[in-house]
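# Coordinates in review
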Amino acid sequence: MAALGNDPSRFLIILAPGALGDITRESLKHQIGVTWQAVEAPDATLALERLGQGLVMVLEQGETLERHALASFALAARRQVSACVFYADEDMRDRSGGYHAPWFKASFDPLRLLQQSSLGSAIAFDADLVREQKLMTLRGHALALAATSAAGAAAVWHIPAVLLHRHPQSPASPWRSDTDPNAVRNLFAHAMPGPQIATSGDRPLKIAWPLPNPAPLVSIIIPTRDRANLLGPCLEGLFRRTDYPALEVIVVDNDSTEPALHDLLARWSNDPRLRVLPIAGPFNFALLNNLAAAEARGEVLVLLNNDTEILHAEWLREMVALAIRPEIGAVGAKLFFPSGRIQHAGIILSPRDIAVHDYLFTKGAAEGLQDDLILVRQVSAVTGACLAVTRDKYFAAGGLDEESFRVAYNDVDFCLKLSTAGLRNVFTPHARLRHHESASRGSDFSAERFALWEAERDALREKWGTQLDNDPFFPPLLSFSAPARTPAEPPRQRRDEVWSER
């Protein structure tokens, strides 16, 4: 898509007709530093032709803009010359004139937009994009889908500032109420045939990505040293409760000595799906997985801890259907502690803790802010306790780093390598497992392992530097405090940094 024209300070504001339109018009009178014209939808086509170069916004009834909102969009467009779609944060006015319910957003996630109206109303579109793609008849979610699909994900830019206020009468959860299933179906029909969508009340749309027929062989790699009490339930779930037609399980036996472990493997030895790969030596999670991956026959690899338990039959289909998509890197599952609280829902990069599990210890039934916990979304990294990736992507990224990250952070490093290669790492809540975290090898913070953990943490910082400081998929106006996700005080990104290059 062509870059924005050279005059982003001209705006066409398209107003939804209705009794609250005067409220929106009044807020426009106070805009500074730009020129604008406001028209109602029936007059928009002619006004767009007259506009020439500039930006287009569509405002619903009663929505108002911050005094500097249009100037902020214009400034972002001047700085980000390759972008064609700009979106900002928003909140809701209350009847007394105050503001509440802030909706802080993160970097653009195309997968998320397929499931909910994740960009909201605070969006400005390049006028040339709207004209060339004939988008004038579209509104809301349908307009955002069509525009971002045409522009490409790299041409969509987030401004981390609250620039729009919703009316007190507007829905409390616009990311749900404004979702347009028909728009998603139309996009699939014209641009990417195959996926099916399912609706469930006002919850996010569920996308069923297709599996080829026959389904690709999956190699599930499970390193273990003894602990038959953990590995037994894991194998039981894989062989008897997993609905997937083509899998092999490679148990990497790292110097097991307990008779119970050998008895367990002997009981399953008649199942042709099981392979045992003995590897001697000190525990090195990265090395064990790399050696097993080299022996694997599958097109898709799943790294799986021996202390996990399958909770439903469809988990593997969900992960594989995502992993085989060409734009996807690593796929992570939703993991629960034995207590039922969340153990993993993606990994956040942060300057203090480097890498932390998102929504850690949150109640299992929680939906998360803007439905974070019940939709597929892009994340910076996922845990190696349950990680799916195609074999070719695994080896193209060099596998796990068995020198610098023998035990800890090898999954984060691997995911960052995939991201650097242009792939998207995703978390799916539709693959659910129980995880007895570190039950097999003990806590990383036990005395004998702390020095190694500290060295590997420092190695990750040295390798990736400031890339660990600002996770693009965690809203910059939120703090890292888990699980509350409260507004950051002060904001982690200063206003004068908003316009810097990616």
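Just so you know, the residues in each chain are numbered from 1, in the order the chain's sequence is written. Under the rules for a predicted model, residues below a pLDDT of 70 receive no local features and side-chain atom pairs below 80 are neither given nor counted, while totals for whole chains, interfaces and linings still include all residues. With hydrogens and water excluded, all non-hydrogen atoms of the structure serve as input to the side-chain values.

The next thing to look at is the overall build of the protein. Numbering of helices and strands starts at the N terminus; helices are DSSP runs of H or I of at least 4 residues and strands are runs of E of at least 2. Regarding its fold elements, the protein presents 15 helices and 22 strands. Type-normalised accessible area, obtained with a 1.4 Å probe on protein chains alone, sets the label of each residue: buried when under 20%, exposed when over 50%, and partly exposed for intermediate values. Looking at the 502 residues of the protein, the share that counts as buried comes to 56%. As presented, the protein carries roughly 20700 Å² of accessible surface, and 52% of it is formed by carbon and sulfur atoms. Here the positive residues are Lys and Arg and the negative ones are Asp and Glu; neither His nor the chain ends is included. Lysine's charge is taken at NZ, arginine's at CZ, aspartate's at CG and glutamate's at CD. Side-chain charges of the protein comprise 51 positive and 60 negative groups, with the mean position of each set lying 3 Å from the other. Values of accessible area rely on a 1.4 Å probe in the Shrake-Rupley scheme; residue burial ignores everything except the protein chains shown.

The next point concerns the confidence of the model for the protein. Predicted coordinates in areas of low pLDDT are best not read in detail. Confidence in the prediction for the protein averages 92 pLDDT; 93% of positions are at 70 or higher. Confidence scores here are pLDDT values: one per residue, from the predictor, ranging 0 to 100. Contacts are assigned to residue pairs that have any heavy atoms within 4.5 Å of one another. Scored below 50 in pLDDT, residues 1–5 shows 19 contacts in the model against residues more than four places distant or in partner chains.

Once that is clear, we can look at the pairing of strand S21 (residues 386–390). Burial runs high along S21: 5 of the 5 residues are buried. On S21, burial covers both faces: Cys 386, Ala 388 and Thr 390 on one face and Leu 387 and Val 389 on the other are all buried. Two strands qualify as a pair provided DSSP detects at least 2 bridges between them. When strand S14 (residues 300–304) meets S21, the two strands line up antiparallel, connected through 5 bridges. Residue pairing for S21: Val 302 is matched across the bridge by Ala 388. In this sheet, S21 lies alongside strand S16 (residues 328–336) in antiparallel orientation, the contact comprising 2 bridges. Looking at S21, one finds that Val 331 is bridged to Ala 388.

For the rest of this paragraph, the subject is the environment of Ala 147. Following the sequence through the fold, Ala 147 ends up in helix H6 (residues 140–151). With 17 residues separating them along the chain, Ala 147 and Val 130 place their C-alpha atoms 7.4 Å apart. Look past the residues within four positions of Ala 147 in its chain and what remains in contact with it is Val 85, Phe 125, Leu 129 and Leu 135.

At a minimum axis distance of 9 Å, the contact between helix H9 (residues 228–240) and helix H10 (residues 259–267) shows a crossing angle of 15°. The angle between the axes of H9 and H10 places the two elements in the roughly parallel class. Crossing of H9 over H10 shows right-handed handedness. Contact residues: Ala 228, Leu 231, Gly 232 and Leu 235 in H9; Ala 260, Leu 261, Leu 264 and Leu 265 in H10. Axis geometry follows a simple rule: fit a line to the C-alpha atoms, using only the stretch in contact for helices, then measure angles between N-to-C directions, giving values from 0 to 180 degrees. Put simply, angles under 35 degrees are roughly parallel, angles over 145 are roughly antiparallel, angles from 65 to 115 are roughly perpendicular, and the rest are oblique. Two helices that cross are described as forming a left-handed crossing if the nearer one is turned anticlockwise from the farther one by less than a right angle, and a right-handed crossing if clockwise.

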